[in-house]
Each structure stands twice: as C-alpha cells, then as structure tokens.
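Given next are the chains, with one letter for each unit.
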Amino acid sequence: MTTFVDRVELHVAAGNGGHGCASVHREKFKPLGGPDGGNGGRGGDVTLVVDQAVTTLLEYHHSPHRKATNGQPGAGDNRSGKDGQDLVLYVPDGTVVLDKQGNVLADLVGQGTTFVAGQGGRGGLGNAALSSARRKAPGFALLGEPGEARDIVLELKTVADVALVGYPSAGKSSLISVLSAAKPKIADYPFTTLVPNLGVVTAGSTVYTIADVPGLIPGASQGRGLGLEFLRHVERCSVLVHVLDTATLESDRDPVTDLDIIEEELRQYGGLEDRPRIVVLNKIDIPDGQDLAEMIRPDLEQRGYQVFEVSAVARLGLKELSFALAGIVAEARASKPKEEATRIVIRPKAVDDAGFTVTYDEAEDVYRVRGEKPERWVRQTDFNNDEAVGYLADRLNRLGVEDRLMKAGARAGDGVAIGAEENAVVFDWEPSMMAGAEMLGRRGEDHRLEAPRPAAQRRRDRDAERADPDREFDEFNPF
C-alpha cells in the first residue's frame, strides 16, 4: 500500500457568495418601512498551509476534490448572511504549487507559509444597500459571486541539506541508516528503495538533514526507472554525495563509469551545476572493494572530488564523512543571506479597476466586452428580474461601455456579449439606456426591456440554420 506520495493533482473549489435579499420592512402603522434586505455572506477560501508535521501528499492522493463552504444568503430586517468557513489544507514543507500548464504559482517553504488556492466569492448586496435617492425601494438584490474553482498540481521537493545519489543497491539506504536514526528498507536487490528517505544527522554542533534519492539509472532524466519522479528531491540540497559501489557483481559496471552516468543525468535534469560534490566509495569491508577503492581514488581526486572510503555495514570511515558534510552544510548556510522575521504584508486586490476592452467578434456577430468590473456585475445580476437588468445597464453606462461601443461601430440592435465565450451573457444593445426615475415602474420591472430585440432574433435564426442548413428562413423584419 502506498504511504508516500510526492505529486498529486488537486481540484479545489472555494465557496460561493450568498445572495442578497430583496425585502421591504413591514410593520403595523408603518406602510412605507423601506427596504431592509441584508447582504449575503462571503464564500470560504481554500488555503494551503505548510505544516512540518506533514511529510507526504498521500491524503490528497486519496481525496483530491476539496471544497470550502458557501456563504449564507441575506435576510430581511437587515440581517446579513453568515460567511462561509475557510478550508485549510496542510501540506509538507517544500511543496510547490503549479497550474495545469506547469507554471509555478507558489513555492511553500517554511512553517506556516500560506497560499490561497481558491478565493471565495463575494456576497451579493441586499436591496437595503442598493437603495438610493433614485431607487428608494429596489425590488431586486445582487446575486453572490461563484467561488474560484481550479485544478492545481502539488509537487513535494524535499527540504534536505545533503542528497545521496547513485545506482540502485550502491548502499545509500544503508549509509543513511547508520548516519542517522532513519530506518529505511534494506535488501540486496535493485530498487529496494521506492521512496525518498529523510534522516537527521548530528556532527558536533551542526545538525543537518540527509536524503536518500532512489532509482537513478541511465535515462532517469527522461523518465526511465524511478529517477525522474525523485530527482526533484535533490533541488534544494546544499551538497550532493555520490555513493559508488566498489563491490558490484555486475561485470559491465565500475565506479567511475557509474559516476559519469549519474553526473550526465543530473546535467540533463538541470539546475544542479553549482552544488558541491563529494564521492563516497562504499563497501570497502569487502577485499575486492578495498582494492578497487585504492585504485580509482587518485583518478577521482585528480578530477577535483573530495573522496571518502566507507563501509556502512562495518561502520568504517563514517565519522570523517559526517563531519566533512557538516562543514560543507555550515559553510552553505553561512553564505545564504540572513533570514528576516516574516512580515505580514496585506495587498488587497484592486476592485475599482475600470479597465475593459470592446472588440468585434465577426464569427459570432457580436461586440465582446471584457473586463473585471463588467464581468463581475453580470455574475451578480438576476436576469429573471427586469429591474435588476436595468440596473446593470445603468452601471455599464456609467462605466463608459456605451461610449466605447459607439466608437467601435456598434449600432442599435447589435448583439453585445459580456464575458468569456463559454459563459458570456449576450443582449441587444440600445443606446442611451440611462434610466430616469419615471422609467423604473413598479418594483421588479423596467420598461426599457419591453422593446423588440432584433439581434436576439438574428442569433436564433443563425443557430437554427447551423442545426438545419436545408431549412428556409424568411427575412426577419422587426417592424
């Protein structure tokens, strides 16, 4: 049964905002109580938080769909809806968050580091908040916005100071078991180690972590064997340790060739050229292994490597190796810039951005409006309520959408789409849609929406023609 997972695809969905309430205060002897509809609650966020007690992404492998709770709708008597509860997902230290295209969204390193993976939707305003001198008693309220939903990929990159790399059965698991308190599975067949092992080593006053990266063979950087899955675990290390088997039973292998092959795989993977290297010649307790180590050591030292002869089984040469690694780790830590205390910086997302674009979509014969404000207003509009649609038209006019449409060449009756193609709202444009108080009519009504809609008829005819090309159509005349 799998107990270690270092890469998962997670489907997160933040909570939807609650709808606003359209209500009129009713009380004995107070016939004109006024609007008292409350606002909807905010939807809950989905937040990733680093917890060093978590070491694997196994939990999200078994249940990859996560959703925060929705905000509650508003109610009469100016009662606002309850906010949705945020969903907190704990991840291991060193988790990288990517989108489906492989772009890095966040690199979560350090206890308590957070990333909002899904933003909860805003709650809709009730009619009490929408009332004005012109609309004294609105017969509508704004809808809550849907929460952000997206697919993300979580990749765990082990935060270790030292990474042991080498061929399967070179003795990496044995070495980490005697240098630290880690207890990996050890056996005499290739690919015994199927997951990275992490151990803590104390050498004098220096405490550092050491990781055993399994499965490096020729072609690992292209996906052969297990190497590609685990090469990411060496990216954060301060020093690479090549563990070479001096007593291999395979006649076509020797330690120097193994070193060259592993170095080539690391080079093709990329990003590790600046890491210091140490070579460990393992299994010198075997006579042939000792002889081979003495033979190849001068060649390795001539290449510039610091070489240690050890035996994990007989526990030979381990102290010298441990203190040498501690020195390199301490030097690497000292060269890093001093970490300052984490500062909490609040950068609220701008909601007053009036920027938008108007383009003509020739294929669909509509003018397409894209922008944060127009698209948000459309999501908040109840299109079953004419007064709410009229209010949307007024807001768009005040934003300058009408002027921009005129400059783009739009004429009365042309179709206008607001939003992305897959979920755009299309309506027939009528210039000078700004309303006066005399045009509002009764609550929930707007006389401007009673006019004929030629653009809508043209779209219906075009869609029907696509469905049945042989059908004959009469020329549409709106008059």
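Residues numbered from 1 in each chain as written. Predicted model: local features only at pLDDT ≥ 70, side-chain atom pairs only at ≥ 80, totals over all residues. Heavy atoms only, no water.

Description of the nonpolar core
Here's step 1: The biggest cluster of nonpolar side chains holds 26 residues, and the ones touching the most others in it are Val162, Leu175 and Leu321.
Here's step 2: Elements with a contribution of two residues or more to this core: strand S9 (162-165), helix H3 (172-179), strand S10 (197-203), strand S11 (206-212), strand S12 (239-245), strand S13 (277-282) and helix H7 (318-335).
Here's step 3: For this core, the leading source of residues is H7, giving seven residues.
Here's step 4: Contact partners of Val162, with chain neighbours within four places excluded, come to Tyr208, Thr209, Ile210, Ala211, Cys237, Val239, Val241, Leu325 and Val329.
Here's step 5: Of all hydrophobic cores here, the second largest spans 21 residues; its members include Leu48, Ala68, Val97 and Leu108. (Core = buried A, V, L, I, M, F, W, Y, C linked by side-chain atoms within 4.5 Å. Buried < 20%, exposed > 50% of the residue type's maximum accessible area, 1.4 Å probe, protein only. Helix = DSSP H or I, 4+ residues; strand = E, 2+ residues; numbered from the N terminus. Contact = heavy atoms within 4.5 Å.)

Some details on the side chain of Ser177
Here's step 1: Within the secondary structure, Ser177 is located in helix H3.
Here's step 2: Relative accessible area serves as the criterion here: at 16%, Ser177 is assigned to the buried category.
Here's step 3: At 2.6 Å, the side chain of Ser177 and the backbone oxygen of Ser174 are in polar contact. (Polar contact = N/O pair within 3.5 Å; in protein donor to acceptor, adjacent residues only side chain to side chain.)

Looking at the packing of helix H8 (residues 372-379) against helix H9 (residues 386-399)
Here's step 1: Contact geometry for H8 and H9: axes closest at 10 Å, N-to-C directions at 175°. What the angle tells us is that H8 and H9 run roughly antiparallel. Where H8 abuts H9, its residues Lys373, Pro374, Trp377 and Val378 lie against Leu392, Arg395, Leu396 and Leu399.
Here's step 2: In the contact of H8 with H9, the residues fall into six nonpolar, no polar and two charged. (Axes fitted to C-alpha atoms, helices over the stretch in contact; angles between N-to-C directions. Parallel < 35°, antiparallel > 145°, perpendicular 65-115°, else oblique. Nonpolar A, V, L, I, M, F, W, Y, C, P; charged D, E, K, R; others polar.)

Observations concerning the pairing of S10
Here's step 1: Going residue by residue along S10, you find Asn197, Gly199, Val201 and Ala203 tucked away on one face and Leu198, Val200 and Thr202 left uncovered on the opposite face.
Here's step 2: Both S10 and S11 contribute to a ladder of seven bridges, which runs antiparallel. Looking at S11, one finds that Thr202 is bridged to Val207.
Here's step 3: Hairpin connection of S10 to S11: two residues between the antiparallel strands, including Gly204 at a positive phi of 65°. (Pairing = 2+ DSSP bridges.)

As for the sheet that holds strand S7 (residues 114-118)
To summarise the sheet geometry, strands pair through backbone hydrogen bonds and adopt either a parallel or an antiparallel arrangement.
Here's step 1: The strand order across the open sheet formed by three strands is S4-S2-S7, and the pairing between neighbours is mixed. Across the chains shown, the open sheet's two edge strands, defined by having one partner strand only, are strand S4 (87-91) and S7. Sheet twist, expressed as the mean angle between neighbouring strand axes with direction ignored, is 30°.
Here's step 2: With five bridges connecting them, strand S2 (residues 46-50) and S4 associate as parallel partners. Among the inter-strand pairings, Val50 is bridged to a residue of S4, identified as Val91.

Focus on unusual backbone geometry
Here's step 1: Notably, Asp77 is not glycine yet its phi reads approximately 60°, a positive angle.
Here's step 2: Inspection of the secondary structure assignment puts Asp77 in the loop between strand S3 (65-67) and S4.
Here's step 3: Of note, Arg315 is a non-glycine position whose phi angle comes to about 55°, a positive value.
Here's step 4: Along the chain, Arg315 turns up in the loop between strand S14 (306-309) and H7.
Here's step 5: On the accessibility criterion, Arg315 (55% relative accessible area) is exposed.

Observations concerning the confidence of the model for the protein chain
Here's step 1: Across the protein chain, the average pLDDT comes to 80, with 79% of residues at 70 or higher.
Here's step 2: Per-residue pLDDT stays below 50 along residues 223-227; that stretch engages in 14 contacts with residues further than four places along the chain or on separate chains.
Here's step 3: Counting contacts from residues 433-438, a segment whose pLDDT is below 50, to residues more than four positions away or on other chains yields 15 contacts. (pLDDT = per-residue confidence, 0-100.)

A look at the sheet that holds S3
Here's step 1: Overall, mixed pairing links the five strands, which are arranged S3-S1-S8-S5-S6 in an open sheet. A strand with exactly one partner marks an edge of an open sheet, and here the two such strands are S3 and strand S6 (104-108). Across this sheet, the average inter-strand angle for adjacent strands is 25°, counted without regard to direction.
Here's step 2: Relative to S6, strand S5 (residues 95-98) runs antiparallel, the two sharing four bridges. Counted as the bridge partner of Leu98 is Val104 from S6.

Side note on the pairing of S9
Here's step 1: The two faces of S9 match: Val162 and Leu164 on one face and Ala163 and Val165 on the other face are all buried.
Here's step 2: Across four bridges, S9 lies against S12 in parallel orientation. Bridging across to S12, Ala163 finds its partner in Leu240.

Re a negative patch on the surface
Here's step 1: A cluster of acidic residues, Glu362, Glu364, Asp365, Glu421 and Glu422, forms a negative patch at the surface.
Here's step 2: Residue placement: Glu362 occurs in the loop between strand S15 (356-361) and strand S16 (366-371).
Here's step 3: The class for Glu362 is exposed, based on a relative accessible area of 68%. (Patch = residues over 30% accessible without salt bridge, like charges linked within 9 Å, V, L, I, M, F, W, Y side chains within 5 Å. Areas by Shrake-Rupley, 256 points an atom, 1.4 Å probe, with all protein chains shown as cover. Salt bridge = Lys/Arg side-chain N within 4 Å of Asp/Glu carboxyl O. Lys, Arg positive; Asp, Glu negative; His and termini not counted. Charge placed at Lys NZ, Arg CZ, Asp CG, Glu CD.)

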